[in-house]
Amino acid sequence: AADDSWSYALDARCAHVKSFVAVLSAVKLSKRQRAHVRADERGVTFTAHDASKTCVASANFRADVFGSYACDERALGVGSTSRVCAFDVNLTALIDVLGAFAAKDGDADVRVRWPNREGSLSLELLSVKPGIERELRQCIYSEITPEAAIEGEERGEEPTFRDEANAFMLPTATLKEIVDDLEWPASDVQIDVNAGALRFSARGPEIGDLKIDVDTDGERLTEFTCREASSSRYKYRFLKSATAVGGSFLSSGGANGADENVTMTRVAISNSGFLKIVHLLHLSRSVSFGTGGLNAFMVPVTFILCPAEEDDDHDGVMDDDE
(Lines give C-alpha, C1' and ligand atoms only; values in the text may rest on other atoms or scores of the structure.)
Protein backbone atom coordinates (compact mmCIF):
# COMPACT_ATOMS: atom_id res chain seq x y z
CA ALA A 1 0.00 0.00 0.00
CA ALA A 2 1.00 3.62 -0.35
CA ASP A 3 3.02 5.30 2.40
CA ASP A 4 0.74 7.79 4.18
CA SER A 5 3.68 9.26 6.08
CA TRP A 6 5.31 10.40 2.85
CA SER A 7 4.73 13.87 1.38
CA TYR A 8 3.42 13.71 -2.17
CA ALA A 9 3.59 16.55 -4.66
CA LEU A 10 0.35 15.29 -6.27
CA ASP A 11 -2.43 13.61 -4.30
CA ALA A 12 -5.80 13.18 -6.04
CA ARG A 13 -8.81 10.96 -5.50
CA CYS A 14 -10.55 9.82 -8.68
CA ALA A 15 -14.23 9.05 -8.19
CA HIS A 16 -15.16 8.26 -11.81
CA VAL A 17 -12.62 5.67 -12.89
CA LYS A 18 -14.39 4.44 -16.02
CA SER A 19 -14.82 7.99 -17.26
CA PHE A 20 -11.17 8.82 -16.62
CA VAL A 21 -10.13 5.75 -18.61
CA ALA A 22 -12.42 6.81 -21.47
CA VAL A 23 -10.97 10.33 -21.56
CA LEU A 24 -7.34 9.18 -21.39
CA SER A 25 -8.02 6.63 -24.14
CA ALA A 26 -9.20 9.49 -26.36
CA VAL A 27 -5.76 11.17 -26.26
CA LYS A 28 -3.85 7.95 -26.89
CA LEU A 29 -2.40 8.28 -30.40
CA SER A 30 -0.34 5.08 -30.55
CA LYS A 31 -0.14 1.64 -28.97
CA ARG A 32 2.91 2.59 -26.93
CA GLN A 33 1.98 6.14 -26.05
CA ARG A 34 4.08 8.37 -23.85
CA ALA A 35 2.32 11.30 -22.15
CA HIS A 36 3.57 14.39 -20.37
CA VAL A 37 1.74 15.04 -17.10
CA ARG A 38 1.63 18.55 -15.70
CA ALA A 39 -0.11 19.36 -12.43
CA ASP A 40 -0.59 22.54 -10.45
CA GLU A 41 -3.17 23.86 -8.03
CA ARG A 42 -5.70 24.25 -10.85
CA GLY A 43 -5.63 20.64 -12.05
CA VAL A 44 -3.83 18.03 -14.15
CA THR A 45 -3.15 18.03 -17.89
CA PHE A 46 -2.11 14.97 -19.91
CA THR A 47 -0.44 15.76 -23.25
CA ALA A 48 0.51 13.27 -25.96
CA HIS A 49 1.82 13.65 -29.50
CA ASP A 50 2.75 11.48 -32.44
CA ALA A 51 6.40 10.87 -33.36
CA SER A 52 6.40 13.65 -35.94
CA LYS A 53 4.57 16.06 -33.60
CA THR A 54 2.08 16.72 -36.37
CA CYS A 55 -0.76 15.95 -33.97
CA VAL A 56 -0.89 16.92 -30.29
CA ALA A 57 -3.65 15.76 -27.95
CA SER A 58 -4.35 16.91 -24.41
CA ALA A 59 -6.94 16.36 -21.67
CA ASN A 60 -7.32 18.93 -18.93
CA PHE A 61 -8.79 17.65 -15.66
CA ARG A 62 -9.62 20.59 -13.43
CA ALA A 63 -9.19 20.16 -9.68
CA ASP A 64 -12.99 20.21 -9.22
CA VAL A 65 -13.49 16.94 -11.11
CA PHE A 66 -11.64 15.02 -8.39
CA GLY A 67 -13.15 13.83 -5.14
CA SER A 68 -10.19 15.48 -3.44
CA TYR A 69 -7.17 17.19 -4.93
CA ALA A 70 -3.90 18.57 -3.59
CA CYS A 71 -0.78 19.71 -5.41
CA ASP A 72 2.25 20.86 -3.42
CA GLU A 73 5.42 21.46 -5.42
CA ARG A 74 7.36 21.86 -2.15
CA ALA A 75 7.18 18.09 -1.73
CA LEU A 76 9.55 17.76 -4.69
CA GLY A 77 12.41 18.55 -2.33
CA VAL A 78 14.77 21.28 -1.27
CA GLY A 79 16.20 23.22 -4.16
CA SER A 80 13.24 22.75 -6.47
CA THR A 81 12.12 26.05 -7.99
CA SER A 82 9.28 24.61 -10.05
CA ARG A 83 5.76 25.86 -9.41
CA VAL A 84 4.29 22.79 -11.11
CA CYS A 85 4.62 19.03 -10.86
CA ALA A 86 5.64 17.48 -14.17
CA PHE A 87 6.70 14.03 -15.33
CA ASP A 88 6.31 11.65 -18.28
CA VAL A 89 4.37 8.41 -18.00
CA ASN A 90 3.56 5.44 -20.19
CA LEU A 91 -0.05 6.35 -20.98
CA THR A 92 -0.85 2.84 -22.22
CA ALA A 93 0.26 1.35 -18.89
CA LEU A 94 -1.73 3.93 -16.94
CA ILE A 95 -4.88 3.19 -18.95
CA ASP A 96 -4.39 -0.55 -18.41
CA VAL A 97 -4.01 -0.15 -14.64
CA LEU A 98 -6.98 2.18 -14.31
CA GLY A 99 -8.96 -0.19 -16.53
CA ALA A 100 -8.31 -2.98 -14.02
CA PHE A 101 -9.51 -0.70 -11.24
CA ALA A 102 -12.57 0.35 -13.25
CA ALA A 103 -14.22 -3.00 -12.54
CA LYS A 104 -14.60 -1.71 -8.99
CA ASP A 105 -15.96 1.66 -10.12
CA GLY A 106 -18.90 2.63 -7.94
CA ASP A 107 -17.59 0.69 -4.96
CA ALA A 108 -14.54 2.83 -4.29
CA ASP A 109 -12.32 5.64 -5.50
CA VAL A 110 -8.81 5.40 -6.86
CA ARG A 111 -6.16 7.48 -5.13
CA VAL A 112 -3.40 8.73 -7.44
CA ARG A 113 -0.19 10.05 -5.84
CA TRP A 114 3.23 11.13 -7.08
CA PRO A 115 6.10 10.75 -6.40
CA ASN A 116 6.43 7.98 -3.81
CA ARG A 117 9.74 7.20 -2.12
CA GLU A 118 10.96 5.46 -5.29
CA GLY A 119 9.84 8.34 -7.50
CA SER A 120 6.99 6.33 -9.02
CA LEU A 121 3.33 7.12 -9.62
CA SER A 122 1.22 5.15 -7.12
CA LEU A 123 -2.40 4.11 -7.64
CA GLU A 124 -4.43 2.61 -4.83
CA LEU A 125 -8.02 1.40 -4.66
CA LEU A 126 -9.55 0.59 -1.29
CA SER A 127 -13.07 -0.80 -1.36
CA VAL A 128 -15.21 -1.40 1.70
CA LYS A 129 -18.33 -3.56 1.64
CA PRO A 130 -20.65 -4.57 4.47
CA GLY A 131 -20.24 -8.12 5.69
CA ILE A 132 -22.22 -10.43 7.95
CA GLU A 133 -20.02 -9.87 10.98
CA ARG A 134 -17.63 -7.16 9.84
CA GLU A 135 -16.78 -4.95 6.91
CA LEU A 136 -14.99 -6.53 3.98
CA ARG A 137 -12.00 -4.48 2.88
CA GLN A 138 -9.98 -4.95 -0.30
CA CYS A 139 -6.92 -2.99 -1.36
CA ILE A 140 -5.48 -3.00 -4.87
CA TYR A 141 -2.16 -1.21 -5.32
CA SER A 142 0.02 -0.51 -8.33
CA GLU A 143 3.06 1.58 -9.18
CA ILE A 144 4.12 3.00 -12.54
CA THR A 145 7.68 4.21 -13.01
CA PRO A 146 7.80 7.55 -14.85
CA GLU A 147 9.31 7.47 -18.32
CA ALA A 148 12.92 8.65 -18.42
CA ALA A 149 14.00 11.04 -21.14
CA ILE A 150 15.27 9.16 -24.19
CA GLU A 151 18.96 9.76 -24.70
CA GLY A 152 19.55 12.18 -27.54
CA GLU A 153 15.86 13.06 -27.83
CA GLU A 154 14.90 16.71 -27.94
CA ARG A 155 11.44 17.71 -26.73
CA GLY A 156 11.35 20.40 -29.39
CA GLU A 157 8.45 22.56 -30.44
CA GLU A 158 4.93 21.20 -30.45
CA PRO A 159 2.28 22.69 -32.72
CA THR A 160 0.44 25.58 -31.15
CA PHE A 161 -2.78 27.24 -32.22
CA ARG A 162 -3.11 31.01 -32.53
CA ASP A 163 -4.89 33.58 -34.71
CA GLU A 164 -8.25 31.86 -35.18
CA ALA A 165 -9.82 32.61 -38.56
CA ASN A 166 -12.82 30.29 -38.82
CA ALA A 167 -14.76 28.10 -36.40
CA PHE A 168 -17.83 25.93 -36.12
CA MET A 169 -19.46 23.78 -33.45
CA LEU A 170 -21.44 20.60 -33.97
CA PRO A 171 -22.34 17.35 -32.20
CA THR A 172 -19.30 15.14 -31.66
CA ALA A 173 -21.11 12.17 -33.19
CA THR A 174 -21.79 14.16 -36.37
CA LEU A 175 -18.14 15.11 -36.81
CA LYS A 176 -17.06 11.51 -36.17
CA GLU A 177 -19.54 10.27 -38.78
CA ILE A 178 -18.20 12.73 -41.37
CA VAL A 179 -14.59 11.67 -40.77
CA ASP A 180 -15.51 7.98 -40.81
CA ASP A 181 -17.27 8.42 -44.17
CA LEU A 182 -14.14 10.03 -45.65
CA GLU A 183 -12.01 6.95 -44.95
CA TRP A 184 -12.72 5.33 -48.34
CA PRO A 185 -10.50 7.56 -50.53
CA ALA A 186 -7.49 6.77 -48.26
CA SER A 187 -6.10 10.27 -48.73
CA ASP A 188 -5.84 13.64 -47.04
CA VAL A 189 -9.04 15.40 -46.01
CA GLN A 190 -9.68 18.93 -47.20
CA ILE A 191 -11.82 21.34 -45.21
CA ASP A 192 -13.20 24.33 -47.10
CA VAL A 193 -14.83 27.18 -45.22
CA ASN A 194 -16.57 30.04 -47.00
CA ALA A 195 -19.27 32.49 -46.04
CA GLY A 196 -22.29 30.26 -45.55
CA ALA A 197 -20.54 27.08 -46.76
CA LEU A 198 -18.67 24.23 -45.03
CA ARG A 199 -17.33 21.25 -46.98
CA PHE A 200 -15.26 18.18 -46.11
CA SER A 201 -13.75 16.32 -49.07
CA ALA A 202 -11.21 13.67 -50.03
CA ARG A 203 -9.98 12.38 -53.37
CA GLY A 204 -8.98 8.78 -54.11
CA PRO A 205 -7.44 7.38 -57.32
CA GLU A 206 -10.03 4.61 -57.56
CA ILE A 207 -13.26 6.13 -56.23
CA GLY A 208 -12.73 9.76 -57.24
CA ASP A 209 -13.96 12.69 -55.18
CA LEU A 210 -15.99 12.29 -52.01
CA LYS A 211 -17.58 15.50 -50.74
CA ILE A 212 -19.69 16.14 -47.66
CA ASP A 213 -21.43 19.51 -47.37
CA VAL A 214 -22.66 20.68 -43.99
CA ASP A 215 -25.65 23.03 -43.87
CA THR A 216 -24.38 26.09 -42.01
CA ASP A 217 -27.95 27.25 -41.38
CA GLY A 218 -29.18 23.89 -40.14
CA GLU A 219 -29.70 22.62 -36.62
CA ARG A 220 -26.46 20.62 -36.53
CA LEU A 221 -24.21 23.67 -36.26
CA THR A 222 -24.63 25.72 -33.10
CA GLU A 223 -21.81 28.06 -34.18
CA PHE A 224 -20.39 29.05 -37.54
CA THR A 225 -17.88 31.86 -38.00
CA CYS A 226 -16.06 32.64 -41.24
CA ARG A 227 -13.75 35.63 -41.07
CA GLU A 228 -11.98 34.69 -44.28
CA ALA A 229 -12.34 31.89 -46.82
CA SER A 230 -9.96 29.00 -46.14
CA SER A 231 -9.03 25.65 -47.66
CA SER A 232 -6.73 23.34 -45.71
CA ARG A 233 -5.71 19.67 -45.94
CA TYR A 234 -5.02 17.31 -43.05
CA LYS A 235 -3.74 13.76 -42.75
CA TYR A 236 -6.68 11.40 -42.46
CA ARG A 237 -5.11 9.25 -39.74
CA PHE A 238 -4.75 12.26 -37.44
CA LEU A 239 -8.32 13.39 -38.07
CA LYS A 240 -9.41 9.84 -37.30
CA SER A 241 -7.51 9.93 -33.99
CA ALA A 242 -8.87 13.37 -33.18
CA THR A 243 -12.46 12.15 -33.52
CA ALA A 244 -12.04 8.74 -31.88
CA VAL A 245 -14.17 9.62 -28.85
CA GLY A 246 -15.63 6.70 -26.93
CA GLY A 247 -19.16 5.70 -27.84
CA SER A 248 -20.31 6.17 -24.24
CA PHE A 249 -19.67 9.90 -24.60
CA LEU A 250 -21.32 10.09 -28.01
CA SER A 251 -24.58 8.60 -26.81
CA SER A 252 -25.27 10.91 -23.91
CA GLY A 253 -22.56 13.43 -23.18
CA GLY A 254 -21.34 11.36 -20.26
CA ALA A 255 -19.40 8.10 -20.02
CA ASN A 256 -22.02 6.71 -17.67
CA GLY A 257 -24.83 7.02 -20.23
CA ALA A 258 -27.06 8.96 -17.85
CA ASP A 259 -27.74 12.22 -19.64
CA GLU A 260 -29.89 13.25 -22.57
CA ASN A 261 -27.69 16.15 -23.67
CA VAL A 262 -25.48 15.83 -26.71
CA THR A 263 -21.70 16.01 -26.49
CA MET A 264 -20.44 18.92 -28.57
CA THR A 265 -17.19 19.58 -30.42
CA ARG A 266 -15.76 22.93 -31.48
CA VAL A 267 -13.51 23.04 -34.54
CA ALA A 268 -11.33 26.07 -35.33
CA ILE A 269 -8.90 26.83 -38.16
CA SER A 270 -6.11 29.36 -37.78
CA ASN A 271 -4.84 31.85 -40.34
CA SER A 272 -1.92 29.50 -41.03
CA GLY A 273 -4.14 26.43 -41.47
CA PHE A 274 -3.66 24.76 -38.09
CA LEU A 275 -6.71 22.80 -36.94
CA LYS A 276 -7.97 22.79 -33.35
CA ILE A 277 -10.61 20.27 -32.28
CA VAL A 278 -12.02 20.53 -28.77
CA HIS A 279 -14.42 17.89 -27.39
CA LEU A 280 -16.37 18.91 -24.30
CA LEU A 281 -16.69 15.63 -22.38
CA HIS A 282 -18.45 15.11 -19.05
CA LEU A 283 -17.07 12.69 -16.49
CA SER A 284 -20.40 12.54 -14.70
CA ARG A 285 -23.79 14.24 -14.76
CA SER A 286 -24.50 13.15 -11.20
CA VAL A 287 -23.03 15.97 -9.13
CA SER A 288 -22.15 14.63 -5.70
CA PHE A 289 -19.17 16.76 -4.75
CA GLY A 290 -17.16 19.76 -5.83
CA THR A 291 -18.15 23.40 -5.88
CA GLY A 292 -18.35 24.07 -9.60
CA GLY A 293 -21.72 22.45 -10.32
CA LEU A 294 -22.31 20.43 -13.46
CA ASN A 295 -19.66 22.25 -15.51
CA ALA A 296 -17.02 21.24 -12.98
CA PHE A 297 -17.21 17.74 -14.44
CA MET A 298 -16.54 18.88 -17.98
CA VAL A 299 -13.14 17.82 -19.35
CA PRO A 300 -11.98 19.57 -22.54
CA VAL A 301 -10.05 17.17 -24.77
CA THR A 302 -8.06 19.13 -27.36
CA PHE A 303 -6.33 18.11 -30.58
CA ILE A 304 -4.10 20.42 -32.61
CA LEU A 305 -3.20 19.26 -36.14
CA CYS A 306 -0.66 20.69 -38.51
CA PRO A 307 -1.85 21.12 -42.11
CA ALA A 308 -0.60 18.48 -44.55
CA GLU A 309 2.38 19.36 -46.70
CA GLU A 310 1.54 20.15 -50.31
CA ASP A 311 4.00 17.57 -51.69
CA ASP A 312 2.77 14.77 -49.43
CA ASP A 313 -0.23 13.14 -51.06
CA HIS A 314 0.07 9.74 -49.37
CA ASP A 315 -1.85 9.41 -46.14
CA GLY A 316 -1.42 5.71 -45.59
CA VAL A 317 -2.46 3.55 -42.65
CA MET A 318 -1.14 4.10 -39.18
CA ASP A 319 1.58 1.68 -38.16
CA ASP A 320 1.34 -0.25 -34.90
CA ASP A 321 3.99 1.92 -33.31
CA GLU A 322 2.52 5.21 -34.49
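Rules used throughout
- Residues numbered from 1 in each chain as written.
- Predicted model: local features only at pLDDT ≥ 70, side-chain atom pairs only at ≥ 80, totals over all residues.
- Heavy atoms only, no water.
- Helix = DSSP H or I, 4+ residues; strand = E, 2+ residues; numbered from the N terminus.
- Buried < 20%, exposed > 50% of the residue type's maximum accessible area, 1.4 Å probe, protein only.
- Contact = heavy atoms within 4.5 Å.
- Areas by Shrake-Rupley, 256 points an atom, 1.4 Å probe, with all protein chains shown as cover.
- Pairing = 2+ DSSP bridges.
- Axes fitted to C-alpha atoms, helices over the stretch in contact; angles between N-to-C directions.
- pLDDT = per-residue confidence, 0-100.

Describe the overall build of the protein chain, listing the residues and the values that go with them.
Summing up its helical and strand segments, the protein chain has five helices and 18 strands in all. Evaluated residue by residue, the protein chain yields a buried proportion of 48% over its 322 residues. By sequence separation, contacts in the protein chain at least 24 residues apart represent 68% of the contacts at least 6 residues apart. If you sum the accessible surface of the protein chain, you get close to 16400 Å²; carbon and sulfur atoms cover 47% of it.

Give me the lowdown on helix 1 (residues 17–26), citing residues and values where you can.
Think of an α-helix as turning once every 3.6 residues; residues three or four places apart then point the same way. Burial of helix 1 is extensive: eight of the ten residues sit out of reach of the surface. Listed in full, the buried residues belonging to helix 1 are Val-17, Ser-19, Phe-20, Val-21, Ala-22, Val-23, Leu-24 and Ala-26.

Help me get a handle on the pairing of strand 13 (residues 208–214), residues and values and all.
Where strand 12 (residues 197–204) lies against strand 13, seven bridges are found, and the strand directions are antiparallel. Across the sheet, Arg-203 pairs through a bridge with Asp-209, a residue of strand 13. Counted along the chain from strand 12 to the antiparallel partner strand 13, the turn is three residues long.

Describe in detail the sheet that holds strand 15 (residues 230–234), supporting the description with residues and values.
Spatially, four strands are ordered 13-12-11-15 in an open sheet, and the strand pairing comes out antiparallel. The two strands at the open ends of the sheet, each matched to only one other strand, are strand 13 and strand 15. Strand-to-strand twist across the sheet, computed as the mean angle between neighbouring axes with direction ignored, equals 20°. Sheet strands in contact with helix 3 (residues 172–181) are strand 12 and strand 13, and its direction is about 170° off that of strand 13.

Describe the pairing of strand 9 (residues 136–144), and please don't skip the residues or the numbers.
Bridge count between strand 8 (residues 121–129) and strand 9: nine bridges; the pairing is antiparallel. Its bridge partner being in strand 9, Leu-123 is matched across the sheet by Ser-142. Taking the residues between adjacent antiparallel strands as the criterion, strand 8 and strand 9 are bridged by six residues.

For the confidence of the model for the protein chain, give the residues involved together with the corresponding values.
When the pLDDT values of the protein chain are averaged, the result is 84; 80% of them are 70 or greater. Here residues 252–260 is modelled with pLDDT under 50, and outside its nearest four sequence neighbours on either side it reaches 22 contacts, counting other chains as well. Confidence drops under pLDDT 50 across residues 316–320; counting only partners more than four residues distant or on other chains, this segment forms four contacts.

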